[in-house]
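Given next are the chains, with one letter for each unit.
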Amino acid sequence: MNFDENNQYSVLSKLYKWHWFSMLKFEILSLIGREIFSNKQKDPKKSTLLHLGSGHNIYPDFINADFYDYKSLKLLRKTPIDRELDLRYVLKVPNDFWEGVFTEHTLEHLTHSQVLFLFKELYRTMKTGAVLRICVPGLDQTLEAFEASASPKSEFRMNYPYTNRAEAVWSLTQNWLHLSEWDYDLMAHFLK
């Protein structure tokens, strides 16, 4: 095969690249955040509702929490996030504290063992009868949408131009720094 002619090697090597630099940056920010900033945070709201992995989707009635924002490391900048944390470590709240927790497109950025640890922390910190709502990209839904959209001009294929099932699985499980994949059965198993 002549890779120079089609430039296939160059395209594929950039597409299927492990994001080691992003992972290193993540670990450094985590260390700095945990050592310097996590003890100085105060929740400006009296809410017992937690929005984990909020990013800039701020909900006014929730404590909006996300990973340490590099902007907050600069002393003059404020972040819209109420609490910065690393979900791989103990949540610094008392037992039976939260009345509800919402997380969307967050758990897939943790390994399965890290999610299990987080679930133990949520179980410890949530009140009896509290509500937990979790949204993650679903493995089944991705594969079903891929199979149902046989036409390359379908809306799914236009947004996600996968050429085969393995590529669709790869994108879901490893693209965007995803570290785990989920379907209904696995999530139910972890929550039990």
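Before reading on, note that the structure itself is shown above.
Worth saying up front: this structure is predicted, and the values here are computed from it rather than measured.

(A) Fine view of the packing of helix α4 (residues 112–125) against helix α8 (residues 184–191). For the pair α4 and α8, interaxial distance at closest approach is 10 Å and the crossing angle is 45°. Overall, the two elements α4 and α8 adopt an arrangement that is oblique. In this structure, α4 contributes His112, Val115, Leu116 and Phe119 to the contact, and α8 contributes Leu186, Met187, Phe190 and Leu191. Class assignment of the residues belonging to the contact of α4 with α8 gives a composition of seven nonpolar, one polar and no charged.

(B) Seen up close, the pairing of strand β4 (residues 98–104). Of all seven residues in β4, five are buried; the element is thus mostly enclosed. Note: strand β1 (residues 49–52) against β4, four bridges, orientation parallel. Note on β4: the bridge partner recorded for leucine 50 is valine 101. Handedness of the crossover joining β4 and strand β5 (residues 126–135) through α4: right-handed.

Analysis parameters
- Residues numbered from 1 in each chain as written.
- Predicted model: local features only at pLDDT ≥ 70, side-chain atom pairs only at ≥ 80, totals over all residues.
- Heavy atoms only, no water.
- Axes fitted to C-alpha atoms, helices over the stretch in contact; angles between N-to-C directions.
- Helix = DSSP H or I, 4+ residues; strand = E, 2+ residues; numbered from the N terminus.
- Parallel < 35°, antiparallel > 145°, perpendicular 65-115°, else oblique.
- Contact = heavy atoms within 4.5 Å.
- Nonpolar A, V, L, I, M, F, W, Y, C, P; charged D, E, K, R; others polar.
- Buried < 20%, exposed > 50% of the residue type's maximum accessible area, 1.4 Å probe, protein only.
- Pairing = 2+ DSSP bridges.
- Right-handed = clockwise from strand over helix to strand, strands pointing away.

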